[in-house]
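Breakdown of the fold
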Amino acid sequence: MVKEAANELKDLPSLVQKPVGHSIQARIYAEDCLQNFRPSAGQLDQVLLSKKARVETWLRDGVTVTSLYDPMLAKIIVHGDNREDAINKLHQALEETRFYGVTTNLQYLQALLLDEECKAGCVYTQMLNGFEPAENAIEVLDGGVQTTVQDFPK
């Protein structure tokens, strides 16, 4: 912008490269989609991030996530040859991502990527109003001293 204001940019169209491929990102939030997107808090026992995506995050094992700040935990970004390829890569990256200790919107995002309208690029402002995918989750209402909940393969 400074160079433009100083009239130092000559032939601007020649400086802009033609886009190649398709990029897509997912924002992972500490929220419970089954409870009207209620914020989720807790200590992260383990964070597993996909090596097949660019991940922007501040998290590491042992960090406590509170409900006092923005609930965004990470951005997962992929690039593909086209939209379909990018969606497939993002879905795979989300499957490899885990945040043990807090509830996240990971399964919600994975279900959205499998939705036919989303895959076709038919997204619109009110699209998510009726979107309520099934989610593999349990809610511990009153855990005891020896209560454990463990991950189980899909």
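Structure: see above.
Let us look at the structure shown here. Quick caveat: nothing in here was measured; it's all calculated off a predicted structure.

**Details of the pattern of salt bridges**
Applying the stated criterion across every chain yields a total of six salt bridges. Residues Glu 56 and Arg 54 are paired through a salt bridge, measuring 2.1 Å at the closest nitrogen-oxygen approach. Between Glu 116 and Lys 119 there is a salt bridge, with the nearest N and O atoms lying 3.6 Å from each other. Placement of both Glu 116 and Lys 119 in helix H5 (residues 116-120) is noted, with a separation of three residues, approximately one turn of the helix. Within this structure, Arg 54, Glu 56 and Lys 75 form a network of salt bridges that share partners.

**Let's talk about helix H3 (residues 83-95)**
Side chains that are three or four residues apart share a direction in an α-helix, a result of its 3.6 residues per turn. Taking 1.5 Å per residue, 13 residues should reach 18 Å; H3 reaches 18 Å between its end C-alpha atoms and fits that length. Taken together, the buried positions of H3 are occupied by Ala 86, Ile 87, Leu 90, His 91, Ala 93 and Leu 94. Buried residues along H3 cover an arc of 160° about the axis, so they all sit on one side.

**Quick look at the packing of H3 against helix H4 (residues 106-114)**
In contact at an axis separation of 10 Å, H3 and H4 are set at 155° when each is read in the N-to-C sense. Relative to H4, the element H3 is oriented roughly antiparallel. Every pair of crossing elements has a handedness; the one defined by H3 and H4 is left-handed. In contact with Ile 87, Leu 90, His 91, Leu 94 and Glu 95 of H3, H4 contributes Leu 106, Leu 109, Gln 110, Leu 113 and Leu 114. Class assignment for the residues of the contact of H3 with H4 results in seven nonpolar, two polar and one charged.

**Re the sheet that holds strand S1 (residues 22-29)**
A sheet is described by the order of its strands in space; here three strands give the open sequence S1-S8-S6, paired in antiparallel fashion. In the strand order of this sheet, the two ends are held by S1 and strand S6 (54-57), each with one partner. For this sheet, the mean angle separating the axes of adjacent strands, direction not counted, is 15°. Here S6 runs beside strand S8 (residues 72-80); their pairing, made up of four bridges, is antiparallel.

**Brief notes about the environment of Lys 75**
Looking at where Lys 75 falls in the secondary structure, it is placed in strand S8. Separated by 48 residues in the primary sequence, Lys 75 and Arg 27 have C-alpha atoms spaced 4.6 Å apart. Residues within four places of Lys 75 in sequence aside, it is in contact with Gln 25, Ala 26, Arg 27, Arg 54, Val 55 and Glu 56.

**Looking at the nonpolar core**
Counting residues in each nonpolar core, the largest one holds 24 residues, and the members touching the most others are Ile 28, Leu 59, Leu 73, Leu 90, Leu 94 and Phe 99. Only S1, S8, H3 and H4 provide two or more residues apiece to this core. Looking at which element gives the most residues to this core, the answer is H3, with five residues. Apart from residues no more than four positions distant in its own chain, Leu 94 is found in contact with Ala 26, Ile 28, Ile 76, Leu 106, Leu 109, Gln 110 and Leu 113.

The rules we used
Residues numbered from 1 in each chain as written. Predicted model: local features only at pLDDT ≥ 70, side-chain atom pairs only at ≥ 80, totals over all residues. Heavy atoms only, no water. Salt bridge = Lys/Arg side-chain N within 4 Å of Asp/Glu carboxyl O. Helix = DSSP H or I, 4+ residues; strand = E, 2+ residues; numbered from the N terminus. Expected span 1.5 Å × (residues − 1). Buried < 20%, exposed > 50% of the residue type's maximum accessible area, 1.4 Å probe, protein only. Arc of directions from axis to C-beta. Axes fitted to C-alpha atoms, helices over the stretch in contact; angles between N-to-C directions. Parallel < 35°, antiparallel > 145°, perpendicular 65-115°, else oblique. Left-handed = near helix turned anticlockwise from the far one by under 90°. Contact = heavy atoms within 4.5 Å. Nonpolar A, V, L, I, M, F, W, Y, C, P; charged D, E, K, R; others polar. Pairing = 2+ DSSP bridges. Core = buried A, V, L, I, M, F, W, Y, C linked by side-chain atoms within 4.5 Å.

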